Amino acid sequence: MSRETWKKVFSTIPDVELVELVDFWSIQVKGFRQINQENIKHARAMVIAEALKPRNLKMIKAYYTINDDEADEPADKGEEITLDALIEIYEEGKELHLILGGLYASEEEKFEKLALELEETLLEKYNVDDLSSLVDRQEKEKEETSPEKAEFVSQSEWEKKWNKSEDKNKDLRAKIAEWEKKYSQLKQQSKEEKQSALSEKLKLQQELGTERAQHRETVENNKKTAEENEALKEEVAKLKGEISRLNAMLLHQQQEVAATTAKVEEKQSTATDQKEIVLVGDPKNKLTENSAKHSFHVLELKDVPKALESDLLETCDEVWMMTYLVPPQMRRKIKRTVQKNIKEFSDFPTMKRYIEKG
């Protein structure tokens, strides 16, 4: 499925839920230590660009596959998923990105066609130009719901979905690790194993690679495919428990490494004597030369274009702006160009108090 298709799906994720998914998908955005409700609107485009990268998109497709509960149920009962059924679950409150994501993640032509029909129907029914406008409609309906009822239902449903997603995510990661390991072993052993007897087995870690090689050889040469597949499934079932345990250990170790890294970064930040500040707009005051905790690089308005072309505004610790000295058009240009938070001061006394507070 094309990147443009997934970009369209991501546009239907509400800001509140996107913040949760960024954390759940472990997506890192350059220039942001953490994505939260305060910065999601500014960071949204960069979050989606990061999610569209192949290494993240593979995992996200799998996430939509295992979370597509409503779309899967009719198929499990032998019934076809219909456009009317999809519209019904959407209007009952199911997030649009979960419905579309589940359909596109299947990578089946009939589900892709159904997803396109659903998009066209919703755009026409609610008289909007793009799918992202439907998010505002859902948000408005949620706001009109009784606050106490909405809070109870939202929290309850989210906890259920979160717990269910956690369980499924563990299984998914175990399966991904399992098949990547099998594929790696197969590439290494296939030349040797082709000439070996089918009854020859290696030890536990080698058995996955052996069975995979035997399965491929059997598909090409005889009718024993089903029998070999069953044997492989039995061996995979025996290893699931051990793989889950190792996965949990790996997650714990990753959390410890992340905590240690955070502490190191905190120590490094506190060890710096002065912050390097680029100050846009010269307040003409000696404080910018004598601050003990800040080293100021004052930019006159005429020097701003040249600074934007260089890496000066990106390599400093912080960017401050005296809004009463900088025209609105230039302030907007700086905000669009600089990939970090910018502190703005409406007058010099405000900046002075901020510096004195430390």
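Residues numbered from 1 in each chain as written. Predicted model: local features only at pLDDT ≥ 70, side-chain atom pairs only at ≥ 80, totals over all residues. Heavy atoms only, no water.

### Quick look at the sheet that holds strand S4 (residues 342–345)
Put simply, the rule is: Strand pairing is defined by DSSP finding a minimum of two bridges between the two strands. The helix count covers DSSP runs of H or I at least four residues long, the strand count covers runs of E at least two residues long, and both are numbered beginning at the N terminus. Under this scheme, a helix contributes an axis fitted over its contacting stretch, all axes are lines through C-alpha atoms, and angles between N-to-C directions fall in the 0 to 180 degree range. In this analysis, two residues are considered to be in contact whenever any of their non-hydrogen atoms come within 4.5 Å of each other.
Read across the sheet, 4 strands follow the order S2-S1-S3-S4 without closing on themselves; strand pairing throughout is parallel. Bordering the open sheet on either side are strand S2 (294–299) and S4, each of which pairs with just one other strand. Mean inter-strand twist for the sheet, computed between neighbouring axes without regard to direction, equals 25°. Pairing of strand S1 (residues 275–280) with strand S3 (residues 318–322) involves 4 bridges; the strand directions are parallel. What sits directly across from Val-280, in S3, is Met-321. Taken strand by strand, helix H16 (residues 328–337) contacts S1, S3 and S4, and its axis lies near 160° from that of S4.

### Description of the nonpolar core
Applied cut-off: In plain words, nonpolar cores are sets of buried Ala, Val, Leu, Ile, Met, Phe, Trp, Tyr and Cys residues tied together by side-chain atoms within 4.5 Å. In this scheme, a residue with accessible area under 20% of its type's maximum is buried, one over 50% is exposed, and one in between is partly exposed, where area comes from a 1.4 Å probe on protein chains only.
Counting residues in each nonpolar core, the largest one holds 44 residues, and the members touching the most others are Trp-6, Phe-10, Trp-25, Ile-35 and Tyr-64. The set of elements that each furnish at least two residues to this core consists of helix H1 (3–10), helix H2 (15–24), helix H3 (40–51), helix H4 (54–66), helix H6 (83–91), helix H7 (96–105) and helix H8 (109–125). Top contributing element to this core by residue count: H7, with 7 residues. Those residues within four positions of Ile-35 in sequence are excluded, and the remaining contacts are Val-19, Val-22, Val-29, Ile-40, Ala-43 and Val-47.

### Focus on the packing of aromatic side chains
Selection criterion: Ring pairs shown here join Phe, Tyr and Trp side chains whose ring centres sit within 6.5 Å, with only the six-membered ring taken for Trp; geometry is labelled stacked below 30 degrees between planes, edge-to-face above 60, and tilted in between.
On inspection of all chains with the given rule, the structure shows 12 aromatic pairs. Cluster of aromatic residues (ring-pair linked, three or more members): Trp-6, Phe-10, Phe-24, Trp-25, Tyr-63 and Tyr-64.

### Things to note about the packing of H2 against H3
Rule in force here: The scheme is simple: roughly parallel for angles under 35 degrees, roughly antiparallel for over 145, roughly perpendicular for 65 to 115, oblique for anything else. Here a crossing is called left-handed whenever its near helix is offset anticlockwise from the far helix by less than a right angle, and right-handed whenever the offset is clockwise. For this scheme, ten residues count as nonpolar: Ala, Val, Leu, Ile, Met, Phe, Trp, Tyr, Cys and Pro. Four count as charged, namely Asp, Glu, Lys and Arg, and the remainder, Gly too, count as polar.
Where H2 contacts H3, the two axes come as close as 11 Å, and the packing angle between them is 55°. Considering the angle they form, H2 stands oblique to H3. The two elements H2 and H3 cross, and the hand of that crossing is left-handed. Along its contact with H2, which presents Asp-15, Leu-18, Val-19 and Val-22, the element H3 presents Ile-40, Lys-41, Arg-44 and Val-47. Looking at side-chain class alone, the contact of H2 with H3 contains 5 nonpolar, no polar and 3 charged residues.

### Notes on the pattern of salt bridges
The condition that has to hold: The salt bridge definition used is simple: a Lys or Arg side-chain nitrogen within 4 Å of an Asp or Glu carboxyl oxygen.
In this structure the tally under the stated criterion is 17 salt bridges. Put simply, Asp-15 and Lys-41 hold a salt bridge, and the shortest N to O gap is 2.8 Å. With a gap of 26 residues between them, Asp-15 in helix H2 and Lys-41 in helix H3 connect regions that are remote in the sequence. Assessed through its relative accessible area of 18%, Asp-15 is described here as buried. Overall, Lys-41 belongs to the exposed group, its relative accessible area being 68%. Lys-201 is the salt-bridge partner of Glu-211, the closest N and O atoms lying 2.2 Å from each other.

### Considering the confidence of the model for the protein chain
Going by this rule: Summary of the metric used: pLDDT quantifies the predictor's per-residue confidence within the range 0 to 100.
Scored by pLDDT, the protein chain comes out at a mean of 82, with 82% of its residues at no less than 70. Of all secondary-structure elements in the protein chain, the lowest mean pLDDT belongs to helix H5 (residues 69–76), at 45, while H3 reaches the highest, 94. Note that pLDDT drops below 50 for residues 70–78; the model gives that stretch 6 contacts with residues more than four away or on any other chain.

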